[in-house]
Amino acid sequence: MDTSQKEHETMVHVSINGREYDVPAGSTMVQAMWYTGHEVIHGIGCLGGVCGACATVYRMKGDFRLRNALACQTLVQDGMSFSMLDSYPIQRAHYDVASLTDPKEELFTFYPESATCRNCNACTEVCPQGIDVRDSVWRANFGDFKAVAELTMSCVMCGLCVSRCIAEMAPHEIALYARRAYGAKELPFPTNLRTRLGEIEKGIFSKEMDRLLALSPEELKKECEVKS
Amino acid sequence: MSDLVDSFYAHMPEFDETPPSALSPEERASLLKSFYPDYRPEGKATIRVGPNAGTVVPEEVATLLESRSRIEGPRLIPDHPDRDVDVLIIGGGGAGITAALHASEKGASVLLATKLRVGDSNTVMAEGGIQSALGEGDSPVDHFRDTFRGGHGANDPALLSVLVQEGPQMVEWLISRGILFDRDPQGNLSLRKGGGTSRPRLISAKDYTGLELIRVLKEDVVNAPVEILEFSPAVELLQGPGGACAGAVLWDLDSRKYLYVKARTVILATGGTGRLHLGGFATSNHFGATGDGLCMAYRMGAKLVHIDSFQYHPTGVIFPSEMAGMLITEAVRGAGARMYNRLGRRFVNELETRDVVASAIIRECSEGRGVPTPSGASGVYLDLASIDREAGEGTVLKRFPNIVKLMTRHQVDPTRFPILVYPTLHYQNGGLQTDPNGHTSISNLLVAGEASGGLHGTNRLMGNSLLELFVFGRRAGLEAVKESRERAPFSWKEVSMAHVDHFEQALAREFEGADRPMAPTLFPDYRRKDS
Ligand SMILES: Cc1cc2nc3c(=O)[nH]c(=O)nc-3n(C[C@H](O)[C@H](O)[C@H](O)COP(=O)(O)OP(=O)(O)OC[C@H]3O[C@@H](n4cnc5c(N)ncnc54)[C@H](O)[C@@H]3O)c2cc1C
Ligand code: SF4
Ligand code: SF4
Ligand code: FES
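**Observations concerning the overall build of chain A**
Consideration 1: When you go through chain A residue by residue, the secondary structure sums to ten helices and five strands.
Consideration 2: In terms of overall dimensions, chain A is more spread out than a globule: its C-alpha atoms have a radius of gyration of 25 Å, far above the 17 Å expected for 228 residues.
Consideration 3: Projected onto the principal axes, the alpha-carbon positions of chain A cover approximately 75 × 55 × 25 Å.
Consideration 4: Residue burial in chain A is summarised as follows: out of 228 residues, 54% are buried.
Consideration 5: Summed over its atoms, the accessible surface of chain A is roughly 10800 Å², and 50% of this surface lies on carbon and sulfur atoms.

The structure is reproduced here in structure tokens:
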């Protein structure tokens, strides 16, 4: 938490937004930014690896490869150069899931570019959540929305796949559309929920609830076995 | 593993699996009284100014409430407001988004202002699930009883009865939006058991429940007729005729300018306080959880309830230190994970309630049986290896993929090495006093979500908080539309920050002119002091 603590005595050399610094080994990229006095606002949300606000691009010394990571979850290493990608511009469809009538066809109305995937697999290689993004795009194109849902459940919407896609689409938005359409339109409504909603509508719990609400505070505690 | 992690795990005691002796009710009570942070005398202060004067709270909470404004006097207001809307919603987590969707559906003009991006919130982080009484043999009444018992009988029965009765209807709403909850082979919503409930009642989306909720609802609110202002936290409320709320002042974090919003009704949905690090505790909360709503409303005279009551989740990661505060879900203990102290002994039944387990860990550490970390903290071992031993190799990976992913990124393989844990500040049990329609004690100021208090009593059960967001977020959204239609028109000339002037005068009298800290702080500052 406090970035000045003494846990890590060894320092590593990094470059942040093109400027060189020594920071303690064992810091995350975000902590390295705090350590060097950066005020990070764009680029932090949860600090817990789920909100996708902290997408970052980095490169290791002597290696031509560009890599990507979530900055709140990734430890700095000696010779690392990184910059945060605060917000990657994306195209998002305007639709209301309730009024979809033929979701599999409508995918191509809202996201016609999804059919242009060139199978380069860059999206899968970049995904910090280890999702097979390329496969999810194809499953969406073929209308297998169930598979899309299973493949992409851990997507944090960081947009890194978009940053690499040579067909310039937003695979995570396409996956979101497919998951939502699957949940709202394909999956049957859960039986246990339907039953309970019917019972509530009929008011079968009202009498007992009203009785509880009419009790004195002391009686209610006794009824509910409150241990003091 | 890195050298540091290596050397930390080089000296581990032999683990002795002998179960600890069971606690009698008296022992349990005395453990809580002696070690649970809410009941400890140190680090506490008595509130001196405002509607809750006399209440003993953590020092950081007193500082938050008895603070001066970020806006210096004289607090002049520009000639015209920057925005004029029916409903202003402050905070874009689960409660705020739900309120915005329901208010805009009724045709009101809605502005949603939030501190980071929409959805960057405690809501997106929720892992466990939502409570809803859907099982055979379960009922909203049983849900009521369990929650009331869990909240030590301090819950407001009127709020609670609404929660349990409208809960299933809100689950229906979520499903209609296309949110995917886990199903059983018959197509029912799967129900899991959470702590303190008599029946399995948790519905979830693997361990990504909050993420699934936010991904979907965020897309809906972005597509709804709602104006959204991101990176624009509210820093002060505005007062209108009769002391009613009349809007808010937002602070644009990028242009560093104030934005004045006139609103017929305001909903506070600013969430919790974890990032104030009460008592120096690490936290599981998102970066913007600094209790802003409490502080702004308190200045206006709004009453708070149970604001001395917080939930410390027993198992937050404490080593490696860069992960401090990160939650390891309660479900691992349900699945058979064990806890050991520095001597390798178990010291509490792992299935006790959250407050008891947290107290026992604090006891071990304060009595010298904690495991020291290189940065001078201490914790206890949470060993997941026993899960694999009992339920078969690979179980941890299958059931807790997110934990394995996160720990491994920090060079600890939790299937082989125990995780070092210490309680982490998790949830604000109390908050702004409210009623079933979201009213606070200030006219035209409503509240929803973690910023409100009363529903959970003095201890929240897992899964009730997410349910609360939808039930009361919807109600507050609808009520705000109704109130904005009923409210008599008022002019911008009648709008001021007079309440802030009055509050600061009261502070000056009580603290004899001593300088007060400024709030809301908006974010914690973790930058190195000499950087
Ligand atoms: C790690 C974790 C796991 C959890 N797991 C569960 C679970 O399994 N089940 C469950 O029921 N509950 C769980 N909870 C609790 C639950 O997630 C939260 O209590 C709930 O989501 C709070 O919702 P909210 O909308 O009230 O606040 P939040 O979701 O926190 O939203 C508040 C929003 O307001 C913004 N904000 C703050 N100040 C301002 C300001 N001044 N101006 C404008 N905007 C502002 C914040 O940045 C944030 O976006 C968990 C919490 C955490 C942290
Ligand atoms: S699928 Fe794309 S948006 Fe989702 S986590 Fe992977 S890279 Fe990020
Ligand atoms: S990066 Fe784009 S083009 Fe390449 S496989 Fe992924 S979706 Fe297809
Ligand atoms: S800050 Fe949320 S994923 Fe990194």
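**Some words on the pairing of strand E2 (residues 19-24) of chain A**
Residue and element names in this part refer to chain A.
Consideration 1: Inspection of the sheet shows strand E1 (residues 11-16) paired to E2 by six bridges, in the antiparallel sense. Bridged to valine 12 within E2 is valine 23.
Consideration 2: Between E1 and the antiparallel strand that follows it, E2, lie two residues; asparagine 17 among them carries a positive phi value of about 50 degrees.

**Observations regarding the side chain of serine 15 of chain A**
Consideration 1: Its location among the elements puts serine 15 of chain A in strand E1.
Consideration 2: For serine 15 of chain A, a relative accessible area of 8% gives the class buried.

**Side note on the sheet that holds strand E4 (residues 67-70) of chain A**
In a beta sheet, neighbouring strands pair by backbone hydrogen bonds and run either parallel or antiparallel.
Residue and element names in this part refer to chain A.
Consideration 1: Pairing within the open sheet is mixed, and its five strands lie in the order E2-E1-E5-E3-E4. Bordering the open sheet on either side are E2 and E4, each of which pairs with just one other strand. The average angle at which neighbouring strand axes cross in this sheet is 35 degrees, direction not considered.
Consideration 2: Summarising the sheet, strand E3 (residues 55-60) and strand E5 (residues 80-84) pair through five bridges and their orientation is antiparallel. By the bridge assignment, threonine 56 is partnered in E5 with methionine 84.

**What about the pairing of E3 of chain A?**
Residues and elements named next belong to chain A.
Consideration 1: Bridging between E3 and E4 involves four bridges; their strand directions are antiparallel. Each bridged residue has a counterpart across the sheet, and for threonine 56 the counterpart in E4 is alanine 69.
Consideration 2: The antiparallel pairing of E3 with E4 creates a hairpin that spans six residues between the two strands, and glycine 62 there sits at a positive phi of about 80 degrees.

**A short note on the packing of helix H8 (residues 191-202) of chain A against helix H6 (residues 157-176) of chain B**
Consideration 1: Orientation of H8 of chain A relative to H6 of chain B, taken along the N-to-C sense of each, is 135 degrees, at an axis distance of 10 Å. On the basis of their axis angle, the class for H8 of chain A and H6 of chain B is oblique. Handedness of the crossing formed by H8 of chain A with H6 of chain B: left-handed. Residue-level inspection shows Leu193, Arg196, Leu197 and Ile200 of chain A of H8 of chain A in contact with H6 of chain B, the latter providing Gln165, Pro168, Gln169, Val171, Glu172 and Ile175 of chain B.
Consideration 2: Here the residues of the contact of H8 of chain A with H6 of chain B are counted per class, giving six nonpolar, two polar and two charged.

What counts and how
Residues numbered from 1 in each chain as written. Chains lettered and ligands numbered in written order. Predicted model: local features only at pLDDT ≥ 70, side-chain atom pairs only at ≥ 80, totals over all residues. Heavy atoms only, no water. Helix = DSSP H or I, 4+ residues; strand = E, 2+ residues; numbered from the N terminus. Rg over C-alpha atoms; globule rule 2.2 N^0.38 Å. Buried < 20%, exposed > 50% of the residue type's maximum accessible area, 1.4 Å probe, protein only. Areas by Shrake-Rupley, 256 points an atom, 1.4 Å probe, with all protein chains shown as cover. Pairing = 2+ DSSP bridges. Axes fitted to C-alpha atoms, helices over the stretch in contact; angles between N-to-C directions. Parallel < 35°, antiparallel > 145°, perpendicular 65-115°, else oblique. Left-handed = near helix turned anticlockwise from the far one by under 90°. Contact = heavy atoms within 4.5 Å. Nonpolar A, V, L, I, M, F, W, Y, C, P; charged D, E, K, R; others polar.

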